[in-house]
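Understanding the architecture of this molecule
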Amino acid sequence: SLKYLVRDKDLLTTNYNSYYDAELTSTEGGDGSCENCGGRGSFECEECGGGGERDCYRCDGDGEQDCSECEGSGTENCPKCDGDGEVECRSCDGYGEVNCETCDGSGTDEEGEECTDCEGNGKKSCDDCHGDGRSTCDKCDGECTVDCTECGGRGLEECGRCDGEGTSECDE
């Protein structure tokens, strides 16, 4: 058994990524050539097959990675309700009450008597929010989230390492 230090002739130039630089233990073949490398003096890289490119490790060759904005979920908090699902009622500005339409908020009718619709308060519970002052967000329909604006709800974006190509230069 002989020890060979196998180095590719292009190791210091452009082809380093295509071949391994390794110390091997080998026996000589019948013609005197190395049995491991067949006399070529190098091995083909197992990662890239000698082509110099391999699947991008960040996106596994897909060209896409999880969206950095939504972390792959495809959704984000609704910007209108801030993820609450409800917004301030537009009809009553969040007060839960509106002026009585019968007495125009005065609390009295035309004869100066107490308004029977609002019991003299001049206010009535808001019909739109039922007195809560809050209503369902019309942007997210109360779901609290909307499609991510960065990825359009896909949960994926172009891989920044390989620029969406799916391959990167082999560094083995």
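Here, the structure is the one placed above.
Below, the structure is looked at part by part. Since this is a predicted model, take the numbers as computed values, not measurements.

What counts and how
- Residues numbered from 1 in each chain as written.
- Predicted model: local features only at pLDDT ≥ 70, side-chain atom pairs only at ≥ 80, totals over all residues.
- Heavy atoms only, no water.
- Helix = DSSP H or I, 4+ residues; strand = E, 2+ residues; numbered from the N terminus.
- Buried < 20%, exposed > 50% of the residue type's maximum accessible area, 1.4 Å probe, protein only.
- Contact = heavy atoms within 4.5 Å.
- Core = buried A, V, L, I, M, F, W, Y, C linked by side-chain atoms within 4.5 Å.
- Salt bridge = Lys/Arg side-chain N within 4 Å of Asp/Glu carboxyl O.
- Disulfide = S-S within 2.5 Å.

With that out of the way, let us pick up the side chain of Gln65. Structurally, Gln65 can be placed in strand S6 (residues 64-66). We classify Gln65 as buried; its relative accessible area is 17%. Ignoring any residue separated from it by four or fewer positions in sequence, one finds Gln65 in contact with Arg58, Gly155, Leu156, Glu157, Glu158, Cys159 and Gly160.

So, on to the environment of Lys139. Position of Lys139 among the secondary structure elements: in the loop between strand S11 (134-136) and strand S12 (145-147). Sequence separation between Lys139 and Cys81 is 58 residues, and the spatial gap between their C-alpha atoms is 8.2 Å.

Let's shift gears to the nonpolar core. In terms of nonpolar packing, the biggest core is built from six residues, these being Cys78, Cys81, Val87, Cys137, Cys140 and Val146. Once you skip the residues sitting within four places of it in the chain, Cys78 turns out to touch Gly83, Cys137, Lys139, Cys140, Cys144, Thr145 and Val146.

When the charged atoms of two side chains with opposite charge come close together, those side chains can pair. Inspection of every chain in the model, using the stated rule, returns five salt bridges. Here Glu64 and Arg154 are joined by a salt bridge, their closest N and O atoms 2.3 Å apart. Of this pair, Glu64 sits in strand S6 while Arg154 sits in the loop between S12 and strand S13 (156-158), and the two are 90 residues apart along the sequence. Three or more residues are tied together by salt bridges with common partners; here these are Lys80, Arg90 and Asp138.

Every disulfide links exactly two cysteines, by a covalent bond between their sulfur atoms. Applying the stated rule across the entire model yields zero disulfides. The cysteine Cys78 is free of any disulfide, with Cys137 supplying the nearest cysteine sulfur at 3.7 Å. Taking the relative accessible area as the measure of exposure, Cys78 reaches 0% and is therefore buried. No disulfide involves Cys115; its sulfur sits 3.8 Å from that of Cys118, the nearest cysteine. A residue is classified by how much of its surface remains accessible, and Cys115, at 1% relative accessible area, is buried.

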